[in-house]
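Chain and residue survey
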Amino acid sequence: MKIVHITTGVSRSSACFRIQNALNKQNINSSILALKKSEEKIPNVYVIQGYSVWYKAYEKIAYYLNIAEFVFLKKLCGLKDGMPFTFGIFGINLTKFSIIKDADIIHIHCVNGAFMSLHSFSSLRKLNKPIVITVHDSWILTGGCHVLDGCINFQYMCKNCPQLERYKKLVYRSFKRKRKTLEKLDITFTAPSKWTLSNIEKSMMFNAKKHAVVIANTLNLSVFRIMNSNEIKQLIRPQQNNKIRILFGAANSVSTPYKGFNYLLKMLVYLRAFYPEIASRIELNIFGANCSNEKELEYYDCTFWGYIVSEEKLAALYNYCDLYIVPSLEDSFNQTVLESSACGTPVVSFSTGGIVDIIIHEQTGYLAKYKNSEDLAQGIIWMLENNIENQIGINARRYVEDKFSEERIGKAFKHLYESILYK
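Attention in this report is confined to the structure presented alongside it. All of these numbers come straight from a predicted model, not from anything done at the bench.

Calculation notes
Residues numbered from 1 in each chain as written. Predicted model: local features only at pLDDT ≥ 70, side-chain atom pairs only at ≥ 80, totals over all residues. Heavy atoms only, no water. Pairing = 2+ DSSP bridges. Helix = DSSP H or I, 4+ residues; strand = E, 2+ residues; numbered from the N terminus. Axes fitted to C-alpha atoms, helices over the stretch in contact; angles between N-to-C directions. Parallel < 35°, antiparallel > 145°, perpendicular 65-115°, else oblique. Left-handed = near helix turned anticlockwise from the far one by under 90°. Contact = heavy atoms within 4.5 Å. Nonpolar A, V, L, I, M, F, W, Y, C, P; charged D, E, K, R; others polar. Buried < 20%, exposed > 50% of the residue type's maximum accessible area, 1.4 Å probe, protein only. Lys, Arg positive; Asp, Glu negative; His and termini not counted. Salt bridge = Lys/Arg side-chain N within 4 Å of Asp/Glu carboxyl O. Polar contact = N/O pair within 3.5 Å; in protein donor to acceptor, adjacent residues only side chain to side chain. Phe/Tyr/Trp six-rings, centres within 6.5 Å; stacked < 30°, edge-to-face > 60°. Expected span 1.5 Å × (residues − 1). Arc of directions from axis to C-beta.

1. Notes on the sheet that holds strand β8 (residues 244-249)
- With parallel pairing, the 6 strands of this open sheet are ordered in space as β10-β9-β8-β11-β12-β13. Across the chains shown, the open sheet's two edge strands, defined by having one partner strand only, are β10 (301-306) and β13 (365-368). For this sheet, the mean angle separating the axes of adjacent strands, direction not counted, is 20°.

Spelled out as structure tokens, the structure:
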């Protein structure tokens, strides 16, 4: 059984790469075809530039195509700030690649960024191979947006898109074209969470001919683990103090609206007003950004860690901190919640999306009321009072080992592939 995963960009922290590792440990022949990768020494990953001079040039072309589409959406269509949006116009034909031709199943992940267009999807039909699509964000279900932002229009063909101010009909037309494309393909959807599965089943992209199942993401539990103080020191040079170390982070953590940085700031203001003694002891750590000029941060010890590429260093940062705060407004799963829990650092998060599949309220973490910064602060207070000898963190680690191990997730995908091939 040969599986090929398709994704635009891949790194060791990518959900796609972690799934592939789990499959390889189940002795499944699994490889990745990507537009680009973050580092050279990533096993079983093939990038298109290695196939010809044209494909080597296309990586740069794709960069400018993305800029052109963003300018069009922003300037002409009035795209809402900070929201990812793609019509799926630009892409390449992948059917000519030998790694695609030889595969028994094509497994598609995040393929935007001018890697796969809707025409690219259509061209796969001629190969007559089963396709698995993992819905890491909402793009495959909509006329263009990647983040629903509370919108339910994807259930009704994306009419009157709230993320564009002008030319909203383009989204409706894109939705119809995508639906027409997907209904002709033999697709099985996988969802990393129950929330995502619910959205798949509500979307008009899903019909009686399609199948959908929940299979969570995974990670390397020998990397993301509970560390001792010497291991932490070797990786991040921690400060020696008696502060309450709080961690916040994501890709572009302070500038992406749906990551909830504004709610974190409101929480910090609330703590200063009602729990000044606790606020004075907080040391705030932020990764996925290099700085922020928000005045609310002036009253706190704050360290920006920038973009952390090394998984080992990121694991050490989780271990260094006492709590991980996740004020995210929408997540199909949230890899960082899984990572922090695996490191024994309990999470305080809004109760939203796929995060509720990872955290058991007041057992492995704290789920605050949605968009309620005061309850987010109460989660910190509760954790300080109840996480005796880090028992909540230990519970979180055990839960991850039980529900999200590479063995468990690898076997789930193996079973799915076998059910598709031998039905």
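2. Examining the packing of helix α7 (residues 229-236) against helix α10 (residues 311-320)
- Across the interface, α7 lies against α10 with an axial gap of 9 Å and an inter-helix angle of 125°. Of the possible angle classes, the one that applies to α7 and α10 is oblique. Of the two elements, α7 crosses α10, and the hand of that crossing is left-handed. Taking contact as the criterion, the partners of Ile232, Leu235 and Ile236 in α7 are, on α10, Glu312, Lys313, Ala316, Leu317, Asn319 and Tyr320.
- Considering only residue class, the contact of α7 with α10 consists of 6 nonpolar, 1 polar and 2 charged.

3. Quick word on the side chain of Asp375
- Structurally, Asp375 is set in helix α12 (residues 373-386).
- Buried within the structure, Asp375 lacks any salt-bridge partner; Lys369 is the closest side chain of opposite charge, at an N-O distance of 5.3 Å.
- There is a polar contact of 2.9 Å between the side chain of Asp375 and the side chain of Tyr366.
- At 2.7 Å, the side chain of Asp375 and the backbone nitrogen of Lys369 are in polar contact.
- Not counting residues within four places of it along the chain, the set of residues in contact with Asp375 comprises Tyr366, Leu367, Ala368 and Lys369.

4. As for the packing of aromatic side chains
- If you walk through the whole model with that rule in mind, you get 20 aromatic pairs.
- For the ring pair Tyr51 and Phe97, a centre distance of 4.8 Å and an interplane angle of 90° mean the geometry is edge-to-face. Of this pair, Tyr51 sits in the loop between β3 (45-47) and α2 (53-76) while Phe97 sits in the loop between α2 and α3 (98-101); the two residues are 46 residues apart in sequence, bridging distant segments of the chain.
- Using a relative accessible area of 34% as the deciding quantity, one classes Tyr51 as partly exposed.
- Residue classification places Phe97 among the buried residues on the basis of a relative accessible area of 2%.
- Centroid distance Phe85 to Phe87: 5.4 Å. Interplanar angle 80°. Geometry classified as edge-to-face.
- Joined through ring pairs, the aromatic side chains of Phe224, Phe287, Tyr318 and Tyr324 make up one cluster.

5. Focus on unusual backbone geometry
- With a phi angle near 60°, Glu362 is a residue other than glycine that sits in the positive phi range.
- Along the chain, the position of Glu362 falls in the loop between β12 (347-350) and β13.
- Even without being a glycine, Glu389 presents a positive backbone phi close to 50°.

6. Things to note about helix α5 (residues 169-182)
- Under the 1.5 Å per step criterion, the end-to-end length of α5 is 20 Å for 14 residues, consistent within 8% with the ideal 20 Å.
- Inspection of α5 places Val171, Ser174, Phe175, Lys178, Thr181 and Leu182 among the buried residues, and these make up the whole buried set. Viewed along the axis of α5, the buried residues span an arc of 130°, placing them on a single side of the element. Opposite the buried face of α5, at more than 90 degrees from it, the exposed residues are Lys169 and Arg173.
- Contacts from the buried residues of α5 go to α4 (118-123) and β6 (187-191).

7. Examining the pairing of strand β11 (residues 323-326)
- Of the two faces of β11, the one lined by Leu323 and Ile325 and the one lined by Tyr324 and Val326 are each fully buried.
- By the bridge criterion, 2 bridges tie β8 to β11 in an arrangement that is parallel. Within the sheet, the bridge partner assigned to Leu247 lies in β11 and is Tyr324.
- Taken together, the 3 bridges between β11 and β12 define a ladder with parallel strand orientation.

As far as function goes, none of this settles anything; it's purely spatial.
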